[in-house]
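Read off the chains here:
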Amino acid sequence: MARSGLAAAARVARWADAALGPGGDGATADGKATLSDATAERAARALGLTTAQVRADWDTARLAGLVEVHGGIARPGWRLRAWNRDDSAVLRGWVALCDAWSLAHPEPEEYEPAAVAEVVTAMPQVLSFLQLSAGPVPVPQLLDLLEQRVTELRTERCEIDYAPQADGPRPALAEPAADAPLEPLLDWALRALASVGALTYGDGQATLTPLGSWAVWVKLEQICVAAQSPAGNIEQGAEDMLRGCARLRPNAARAEYRAWLAARPVGSAVTELIRAARGEDALLRGLAFEALRVVGAPAEPEVRTVLDEPTLRPYALLWLAEHDGADPEDAHEVLTREEATWLWVDTAAAVADHGEAPLLVRHLEAAVQPTVPALLSEVRAVGHPRTVQVLVALAAAHPDPALAKAVRRAAFQVHTGG
């Protein structure tokens with residue numbers, strides 16, 4: 001059902017990828033992969049559609065994540081790339097479209113924005129009621145539920161004063177929303193949800209479709225996962241969350257990542273994790289990419305954008321190799337010798353800052369160089385900003401006096417530019 005519902009959007013997205021992407025034959029008049037008038041007309045001719053159909057399918061493709069727009073440039077989303085091999089990508093795309101139902105079918109201009117916002121906020125409870133009912137529900141019953149939920153929302157914002165005020169004015173903020181009738185807004189919401197395939201609406205009743213019921217179940221599952229945050233970091237920003245996971249065992253940390261991710265939109269979560277990885281703390285860099293492994297395919301576009309950043313490139317290459325199916329033990333083969341050495345220093349910096357001395361000594365075994373002199377030579381050349389601190393810490397931790405002396409000498413040479 002999700003594939004058939006998104007088939008037209010996927011068709012337009014594929015056309016845009018082939019005709020407007022890098023290497024496409026025939027640039028549009030605007031010179032960008034955007035849906036300008038010229039682009040819409042060209043797509044309509046190629047696909048045998050009207051320009052209105054093309055624009056509608058394009059909007060659906062954007063909301064479903066089949067197309068990603070960055071400024072004036074559009075590019076295929078990861079869901080389009082995974083369309084033929086990953087059913088979960090298609091389902092996630094439909095859930096994203098369902099989440100954006102109020103954008104897919106905008107409200108009439110005459111409705112008060114505050115009242116519209118209240119209805120959008122209240123509709124998840126209406127959908128949950130429809131799922132529990134497991135069948136058609138009369139609209140008056142849904143209207144009664146919506147009115148109750150909107151009243152609760154206004155009460156939470158203290159916009160309704162339940163004390164009698166015969167002479168006193170009503171709160172100004174509450175007046176526009178409180179005066180707006182909810183029945184036409186419910187009608188708009190049900191029609192919008194029907195337009196994306198979440199429910200059927202007619203004859204004075206509404207019924208969730210199997211897809212709509214599944215979407216509600218997914219949301220409830222996400223709420224349950226978020227509620228099971230073992231370390232209580234769910235409300236923290238990415239950096240603080242990662243610090244809170246630093247001492248957890250791998251399985252416990254992954255559970256924490258899942259809970260943290262379930263509580264926020266995946267796009268903003270990935271952006272926040274990448275931002276944390278760009279910081280000076282090497283431990284957070286490694287943990288951020290561990291969390292991105294939990295995200296999976298939706299993180300791929302953002303991960304690819306950091307390949308040109310020397311600090312993040314080795315982590316991104318390993319992430320992409322594993323994402324493409326490489327065995328984690330063999331993924332390091334995608335790194336050049338220089339990249340592997342840079343990563344060794346970065347990981348050693350994390351161990352030196354947050355670990356114990358024996359761990360730093362054992363970290364020597366992870367180096368790709370066969371001998372310590374070869375490692376020191378390449379470490380000195382790689383130019384990592386923490387090289388001196390890492391070598392000093394390693395010299396202090398290593399039990400072999402001769403090796404410790406060689407490492408200290410290398411640290412001094414890097415420090416003095418020798």
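Everything numeric here is computed off the predicted structure, so don't read it as measured data. (Residues numbered from 1 in each chain as written. Predicted model: local features only at pLDDT ≥ 70, side-chain atom pairs only at ≥ 80, totals over all residues. Heavy atoms only, no water.)

Caption draft 1: Just the overall build of the chain, in detail. When its secondary structure is counted, the chain shows 22 helices and five strands. Looking at the 418 residues of the chain, the share that counts as buried comes to 42%. Counted over contacts in the chain with a minimum sequence separation of 6, partners at least 24 positions apart contribute 61%. Element-wise, carbon and sulfur atoms account for 53% of the exposed surface of the chain, whose accessible area totals about 21,600 Å². (Helix = DSSP H or I, 4+ residues; strand = E, 2+ residues; numbered from the N terminus. Buried < 20%, exposed > 50% of the residue type's maximum accessible area, 1.4 Å probe, protein only. Contact = heavy atoms within 4.5 Å. Areas by Shrake-Rupley, 256 points an atom, 1.4 Å probe, with all protein chains shown as cover.)

Caption draft 2: View of unusual backbone geometry. You will see that Ala-134, though not glycine, has its phi angle at about 55 degrees, which is positive. Following the sequence through the fold, Ala-134 ends up in the loop between α7 (113-133) and β3 (137-138). The exposure class assigned to Ala-134 is exposed, which follows from its relative accessible area of 69%. Phi is positive for Asp-203, which is not a glycine, with a value near 55 degrees. Among the structural elements, Asp-203 can be located in the loop between β4 (199-202) and β5 (205-208). Classification of Asp-203 by relative accessible area gives exposed; the value is 82%.

Caption draft 3: How the structure looks around the nonpolar core. Residues Leu-66, Trp-94, Met-123 and Leu-146 are the most contacted members of the largest nonpolar core, which totals 63 residues. Examining the composition of this core, we find that ten residues originate from one element, helix α1 (residues 2-20), more than from any other. Listed in part, the 60 residues of the second largest apolar core include Ile-274, Ala-321, Val-345 and Val-382. (Core = buried A, V, L, I, M, F, W, Y, C linked by side-chain atoms within 4.5 Å.)

Caption draft 4: Broad picture of the sheet that holds β5. Strand order in this open sheet of three strands is β3-β5-β4, and the pairing throughout is antiparallel. The outermost strands of the open sheet, each flanked by one partner alone, are β3 and β4. Sheet topology note: the β3/β5 ladder contains two bridges and is antiparallel. Looking across to β5, one finds that Pro-138 is bridged to Gln-205. Taken strand by strand, α7 contacts β3, β4 and β5, and its axis lies near 80 degrees from that of β5. Together, β4 and β5 form the strand contacts of helix α10 (residues 182-195), whose direction differs from that of β4 by roughly 130 degrees. (Pairing = 2+ DSSP bridges. Axes fitted to C-alpha atoms, helices over the stretch in contact; angles between N-to-C directions.)

Caption draft 5: Up close: the layout of surface pockets. Here the second largest pocket defines a volume of roughly 1,200 Å³. Around the second largest pocket sit 36 residues that line it, and Leu-283, Gly-286, Glu-290, Tyr-315 and Thr-347 are the ones nearest its centre. Broken down by element, the lining of the second largest pocket gets its largest block of residues, eight residues, from helix α18 (residues 337-354). Here the lining of the second largest pocket is composed, by residue class, of 21 nonpolar, six polar and nine charged. (1 Å grid on protein atoms, 1.4 Å probe; cavity = no way out; pocket = protein on both sides within 12 Å on 5 of 7 lines; lining within 4 Å. Points joined across faces, edges and corners; volume = space filled by probe spheres on them. Nonpolar A, V, L, I, M, F, W, Y, C, P; charged D, E, K, R; others polar.)

Caption draft 6: Quick peek at the packing of α1 against helix α3 (residues 51-63). Here α1 crosses α3 at 95 degrees, and the two axes come no closer than 8 Å. By the angle class used here, α1 and α3 are roughly perpendicular. Facing α1, whose interface residues are Leu-6, Ala-8, Ala-9, Val-12, Ala-13 and Ala-16, α3 presents Val-54, Asp-57, Trp-58, Thr-60 and Ala-61. Across the contact of α1 with α3, the residue classes break down as nine nonpolar, one polar and one charged. (Parallel < 35°, antiparallel > 145°, perpendicular 65-115°, else oblique.)

Caption draft 7: Representation of the packing of aromatic side chains. Here the structure, examined in full by the defined rule, presents two aromatic pairs. Taking the centre distance of 5.2 Å and the plane angle of 45 degrees together, the rings of Trp-101 and Trp-188 count as tilted. A residue pair is termed long-range when its members are at least 10 positions apart, and Trp-101 in helix α6 (residues 101-104) and Trp-188 in helix α10 qualify at 87 residues. Judged by relative accessible area, which is 6%, Trp-101 ranks as buried. Using a relative accessible area of 3% as the deciding quantity, one classes Trp-188 as buried. Between Phe-289 and Tyr-315, the ring centres sit 5.6 Å apart and the planes meet at 25 degrees, which makes this aromatic pair stacked. Highlighted residues: Phe-289 in helix α15 (residues 282-295) and Tyr-315 in helix α17 (residues 313-323), separated in sequence by 26 residues. By the burial criterion, Phe-289 is buried, and Tyr-315 matches it. In this arrangement the basic side chain of Arg-3 is found over the ring face of Trp-83, its NZ or CZ atom lying 5.4 Å from the centre. (Phe/Tyr/Trp six-rings, centres within 6.5 Å; stacked < 30°, edge-to-face > 60°. Lys NZ or Arg CZ within 6 Å of the ring centre and 35° of its normal.)

Caption draft 8: Structural context of a negative patch on the surface. Taken together, the side chains of Asp-327, Glu-329, Asp-330 and Glu-333 define an acidic patch exposed on the protein surface. If you trace the backbone, Glu-329 turns up in the loop between α17 and α18. (Patch = residues over 30% accessible without salt bridge, like charges linked within 9 Å, V, L, I, M, F, W, Y side chains within 5 Å. Salt bridge = Lys/Arg side-chain N within 4 Å of Asp/Glu carboxyl O. Lys, Arg positive; Asp, Glu negative; His and termini not counted. Charge placed at Lys NZ, Arg CZ, Asp CG, Glu CD.)

Caption draft 9: Quick peek at the environment of Ala-104. Mapping Ala-104 onto the fold places it in helix α6. Along the backbone, Ala-104 and Ala-56 are 48 residues apart, and their C-alpha atoms lie at a distance of 8.9 Å. Beyond its immediate stretch of four places on either side in the chain, Ala-104 contacts Leu-63, Leu-97 and Val-196.

Caption draft 10: Here's a closer look at the pattern of salt bridges. Tallying each qualifying case throughout the model produces 16 salt bridges. For the salt bridge of Asp-346 with Arg-285, the shortest nitrogen-to-oxygen distance reads 2.9 Å. Within this pair, whereas Asp-346 is found in helix α18, its partner Arg-285 is found in helix α15, the two being separated by 61 residues in sequence. The buried category is assigned to Asp-346, whose relative accessible area is 0%. Among the residues examined, Arg-285 registers a relative accessible area of 4% and is labelled buried. Through salt bridges that share partners, Glu-239, Arg-243 and Asp-281 make up one connected network.

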